[in-house]
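# Topology and contacts: notes
Single-letter residue listing:
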Amino acid sequence: MHIQRLLFVGLALALQGNLFPPAAWPQTAPSATEKPRARQLGVPFDGQPGPLDAITDVASVEVGTTTLISGSGTLKVGEGPVRTGVTVVFPRGKQNIDPVYAAWFSQNGNGEMTGTTWIEEGGFLAGPVGITNTHSVGTVRDTMIAWGLKHGAKGDDWSLPVVAETFDGFLNDINGFHVKPEHVISALDSAKSGPVPEGNVGGGTGMVCYGFKGGTGTASRVLTKEMGGYTVGVLVQCNCGRRPQLTIAGVPVGKEIPEGTPYTQIVPTPRRPKAPVNASLPGSEAEGDVGSIIIVIATDAPLLPHQLKRLARRATMGLARTGSTSGNGSGDIFIAFSTANPNADKDRGPNGGPNTVQTVSNARISPIFTATVEATEEAIVNAMVGAETMTGRDNHAVIALPHEKLQQALKKYNR
């Protein structure tokens, strides 16, 4: 850590609650290389990760993010505080418009993922997957179409982009519509392979997960040669769960670290205009999960759409390993794609085909299911480990998962 940052942190701690309230502190997201990940903290995950332990371990996958953090204090709709952003995932990289076989699955549908009806019908994903906050889906969708037109990245005269969301309104001025076309374009233009930043970045900037600061997380698994040698990568935007549910490597971490649970104030709404401060809160045991999670699964295994649907369903089991029960208010929506079988949707020659594709047999698909479950679990934990404490609208504060207490909980349960 640089000496300037050490001095600033010391000063901030000394003055906490006096000259500089928490909402006024700078809130930056360090690069992926500056922060420990769950494995580095000793979390004993199953399976063999790829070199990056990220969705970008699947060759050709590129990820881009734009992070928006500004303002502090009392909410002023249209002005801030702003805690939001955009994440995009290109299956074949931004230079390759060849569609990929894909499928989606809604574990609980209190959320949105556009473009999925055609994926269900046609079996292909054309273009990137976008993820943002609930009220910015339209902006991201429309900008993705415009970007595709400008860059010749549309294979048809029409476009049905896939854009998903989770709600960041506890920390962010979500009704201020702060995600603009230029922010989407920046995420698209900056997409690249390599390490993927985690925590308070991109569309995950303002998210809360199991009562800790949530956000963007990723992980991967590589199968042995005997099992096919395939890679599975997962990226999540996690905003789900309640504190008592949180389970990491089988340990009831949420129950071991009960302090600092958010939602200690209620923002009046038409549904609850006069609720007292100590009333049952959104996300509490009484009301159930009101968060959401988007899970993007990539693989180089040659899978057909009906097999990818099976893969997308397995993300539910990785989510369940972390404790979620997909409450009524949660939008738990998953998409899976395969980068194998290039040109599978190409209209070949005057007679239009037929096209020849490869596929993994159902008898050999189980290890890919296992890899999906394992990578999903780790990606969710990585999102929380990579996140940092954040203060947002109306001085709402969400603490980061404390690394030392996580390690203590694991040790207590011999994990």
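Placed above this text is the structure.
First, a word on what this report is: a plain description of the structure on this page. Numbering of residues begins from 1 in every chain and follows the order in which that chain's sequence is written. Confidence filtering applies because this is a predicted model: local features only for residues at pLDDT of at least 70, side-chain atom pairs given and counted only at 80 or more, and all residues used for totals across whole chains, interfaces and linings. Just so you know, side-chain values use all the structure's heavy atoms and leave hydrogens and water out.

### Remarks on the pairing of strand β3 (residues 100-109)
- Between buried and exposed lies partly exposed: a residue is buried under 20% and exposed over 50% of the maximum accessible area for its type, with that area taken using a 1.4 Å probe on protein chains only. Every helix listed is a DSSP run of H or I at least four residues long, and every strand listed is a run of E at least two residues long, numbered separately from the N terminus. For β3, the buried fraction is high: seven of the ten residues fall into the buried class.
- Bridge count for β3 against strand β4 (residues 124-125) is two bridges, and the pairing is antiparallel. When the bridges of β4 are listed, Val100 appears paired with Leu125.
- Pairing analysis gives eight bridges linking β3 to strand β12 (residues 331-338), with the strands arranged antiparallel. Looking at β12, one finds that Gly109 is bridged to Gly331. Strand pairing follows a simple DSSP-based rule, namely that at least 2 bridges must link the two strands.

### A look at the packing of aromatic side chains
- Aromatic contacts are taken between Phe, Tyr and Trp rings whose centres are within 6.5 Å, Trp giving its six-membered ring; a plane angle under 30 degrees counts as stacked, one over 60 as edge-to-face, and the others as tilted. If you walk through the whole model with that rule in mind, you get four aromatic pairs.
- Judged by centre distance (4.6 Å) and plane angle (25 degrees), the rings of Tyr101 and Phe124 are stacked. One end of the pair, Tyr101, is in strand β3; the other, Phe124, is in strand β4, with 23 residues separating them in the sequence.
- Under the relative-accessibility criterion, Tyr101 is labelled buried at 12%.
- Relative accessible area serves as the criterion here: at 13%, Phe124 is assigned to the buried category.
- Arranged with centres 6.1 Å apart and planes meeting at 80 degrees, the rings of Trp118 and Trp158 form a pair that is edge-to-face. Pair noted here: Trp118 is in helix α2 (residues 116-122) and Trp158 is in the loop between α3 (137-150) and β6 (162-166), with a separation of 40 residues, a long-range link.

### Concerning the pattern of salt bridges
- Whenever a carboxyl oxygen of Asp or Glu lies within 4 Å of a side-chain nitrogen of Lys or Arg, that contact is scored as a salt bridge. Across all of its chains, the model carries 14 salt bridges by this definition.
- Residue Glu198 is joined to Arg37 by a salt bridge in which the shortest nitrogen-to-oxygen separation is 2.9 Å. In this pair, Glu198 sits in the loop between α4 (181-190) and β7 (208-209) while Arg37 sits in the loop between α1 (3-15) and β1 (62-70), placing the two residues 161 residues apart along the sequence. For the pair formed by Glu198 and Arg37, the shared burial category is buried.
- Here Asp142 makes a salt bridge to Arg141, at a shortest N to O gap of 3.0 Å.
- Salt bridges linked by common partners bring Arg39, Asp53, Arg221, Glu374 and Glu378 together as one network.

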